[in-house]
Amino acid sequence: MSVLDDARALATDGPVCDACLGRPFADRSFGLGNAERGRALRVAVALADDEPFEPTPVADCWVCEGLCATFDEWAERCAAAVEGVEFDTYQVGTRAPPLVEENEALFREGAGLPADAGEPFKTEFNREVGKRVGRLTGTQVDFERPDVQFVLDPEADAVETTVNSAFVYGRYRKLRRDVPQTEWPCRECDGSGYRGSEPCDHCGGTGYLYEESVEGFVAPLVEDVMDGTESVFHGAGREDVDARMLGTGRPFVVEVKEPRRRRVDVERLAADVNAFADGAVEVEGLRLATYEMVERVKKLEASKTYRAEVEFGAAVTTEALAAALDALDGATVEQFTPHRVDHRRANTTRTREVYAASGDLSDPHHATVEVHGAGGLYIKELISGDEGRTEPSLAGLLGVPATVAALDVVAVAGESEPFEDESFFLED
């Protein structure tokens, strides 16, 4: 059968609007809309059959039940749903009414056409409404990770709107000890601040074991400036609570949920965070980032450089320290799960590399030691030996007890590539 024969067959079961008539031929003649295809077919059939040309009002169409006349209306509803929300990209989806989908199947079946001829109703509805949304809002469609997603539900007469998260990347330095990276809810009261009707005596009724955190200094300000509903702090690992994070700082991403603002001044934001943190924490290198940066920060293997103030249980000579550190330099270390974390980590032996080790004695009982090692290296246990759970260790090589009195992380860097890959950033 010819295209005109198919068009005749499609028009025999009742009034069909131009868009529905053209939709089974959506894969023909690129550059035309379905309504243009349908009208062209209707005109061609009328000319070929020498019959009066009789257009069908969309409201009378038995296939779409008039929905193809509502593209503008749905686009306007989408635009109204995000009034006051900053976004650059969007996507439109449609929950097609079951009756329309059934009508479409009968429509093609009655004309002897394949069930998948052309394209389905919801594909056209998505496209036609989507084009209009773009024009109304001055934004672009994105089929992968849009800023805003609309789901149209004609049967429920509803527009479901999702404003996807925004992301800010940066590095933080923690300049004060005994500040955790993220908020640490009290385990005795589950963060409520109360045990029964009384304030929790373990946390003083605050609900947290520590009043301050890196997250608490950073995330609320980012959330506020982006006018979001919630924020989540994602770090590239974390240092111990009693350790400082200095030098290069540690990569992090703040995810802001349902932001109403995306185009923020990150330099001013960094200044605001640093002023608010008042010397406890400082951030730098803030950039607007893609959502993929969260996974990158969490999963990119990174090495760390530590500086530890070490105390010895017996006198150590300069020569002995140099020999022990030389033995650790480039060593492969086996570490069974340390005592201090075995309540939350599986008991297993981990193999880690020490890339470099150096240090100097301050006096026979004290030294400053710097270690560059692979991610996951337990530095405190590398010094102490952890009762033989870490081999080799500085204590074991020296033959004297050794403990870390103070620890600083001075560098966090990607093992194979930098964290700061431009493909993960948006234009500021």
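Residues numbered from 1 in each chain as written. Predicted model: local features only at pLDDT ≥ 70, side-chain atom pairs only at ≥ 80, totals over all residues. Heavy atoms only, no water.

With respect to the overall build of the chain
Within the chain one finds 12 helices and 16 strands. Against the compact-globule benchmark of 22 Å for 428 residues, the chain has a radius of gyration of 32 Å, which places it well outside the compact range. Taking the principal axes of the C-alpha coordinates as reference, the chain spans close to 110 × 50 × 40 Å. Every one of the 428 residues in the chain was classed for burial, and the buried ones make up 45%. Expressed as a percentage of contacts within the chain between residues at least 6 apart in sequence, the contacts between residues at least 24 apart total 74%. For the chain, the exposed area adds up to about 21200 Å²; of that, 47% sits on carbon and sulfur atoms. Computing the positive centroid from 44 side-chain charges and the negative centroid from 83, the chain places the two 1 Å apart. (Helix = DSSP H or I, 4+ residues; strand = E, 2+ residues; numbered from the N terminus. Rg over C-alpha atoms; globule rule 2.2 N^0.38 Å. Buried < 20%, exposed > 50% of the residue type's maximum accessible area, 1.4 Å probe, protein only. Contact = heavy atoms within 4.5 Å. Areas by Shrake-Rupley, 256 points an atom, 1.4 Å probe, with all protein chains shown as cover. Lys, Arg positive; Asp, Glu negative; His and termini not counted. Charge placed at Lys NZ, Arg CZ, Asp CG, Glu CD.)

Considering the sheet that holds strand 4 (residues 158-163)
Across a sheet, strands are paired by hydrogen bonds formed along the backbone, either parallel or antiparallel in direction. The 4 strands are arranged 2-1-3-4 in an open sheet whose pairing can be described as mixed. Bordering the open sheet on either side are strand 2 (140-141) and strand 4, each of which pairs with just one other strand. Two strands pair when backbone bridges link them, and strand 3 (residues 148-153) and strand 4 are joined in this way by 6 bridges, in the antiparallel orientation. When the sheet's bridge partners are listed, D153 is paired in strand 4 with A158. Against the sheet, helix 4 (residues 71-81) engages strand 3 and strand 4, with an angle of about 40 degrees to strand 4. Against the sheet, helix 6 (residues 121-137) touches strand 1 (89-94) and strand 3, its axis set at about 150 degrees to strand 1. (Pairing = 2+ DSSP bridges. Axes fitted to C-alpha atoms, helices over the stretch in contact; angles between N-to-C directions.)

Here we look at the pairing of strand 11 (residues 302-312)
Counting buried positions along strand 11 yields 8 of 11 residues, so the element is predominantly enclosed. Sheet analysis places strand 11 next to strand 16 (residues 402-414), joined by 11 bridges and oriented antiparallel. The residue of strand 16 that forms the bridge with A302 is G414. Where strand 11 and strand 14 (residues 366-373) come together, 8 bridges link them in antiparallel fashion. Considered in strand 14, the bridge of T305 is made with H372.

A closer look at the packing of aromatic side chains
Counted by the stated rule, this structure contains 9 aromatic pairs. Between Y172 and F233, the ring centres sit 6.1 Å apart and the planes meet at 55 degrees, which makes this aromatic pair tilted. Placement of the pair is Y172 in strand 5 (residues 166-174) and F233 in strand 8 (residues 230-235), with a sequence separation of 61 residues. Of the two residues, Y172 and F233, both sit in the buried class. Three or more aromatic residues joined by ring pairs make a cluster, and in this case those are F71, W74, F121 and F125. A cation sits over an aromatic face here: R77 above W74, 4.5 Å from the ring centre. Positioned over the ring face of F425 is R287, at 4.2 Å from the centre of the ring. (Phe/Tyr/Trp six-rings, centres within 6.5 Å; stacked < 30°, edge-to-face > 60°. Lys NZ or Arg CZ within 6 Å of the ring centre and 35° of its normal.)

As for the environment of L328
Along the chain, the position of L328 falls in helix 10 (residues 318-328). You can call L328 buried: its relative accessible area is 2%. Among all residues touching L328, those that are not within four sequence positions of it are V354, A357, L382, P392, S393, L394 and L397.

What about unusual backbone geometry?
In this structure, the amide linkage connecting E391 to the following residue, P392, adopts the cis form with an omega of -10 degrees. Within the element layout of this structure, P392 appears in the loop between strand 15 (390-391) and helix 12 (394-398). For D178, which is not a glycine, the phi torsion comes out positive at approximately 60 degrees. Tracing the backbone shows D178 in the loop between strand 5 and strand 6 (194-195).

Thoughts on helix 5 (residues 98-110)
The terminal C-alpha atoms of helix 5, which comprises 13 residues, lie 18 Å apart, in line with the 18 Å expected from a rise of 1.5 Å per residue. Within the span of helix 5, buried status applies to V100, N103, E104, F107 and R108. One side of helix 5 holds all its buried residues, which, seen down the axis, span an arc of 125 degrees. In this structure, the buried side of helix 5 is in contact with helix 1 (3-10), helix 2 (18-22) and helix 6. Two residues or fewer after helix 5 comes G112, characterised by a positive phi angle close to 75 degrees. (Expected span 1.5 Å × (residues − 1). Arc of directions from axis to C-beta.)

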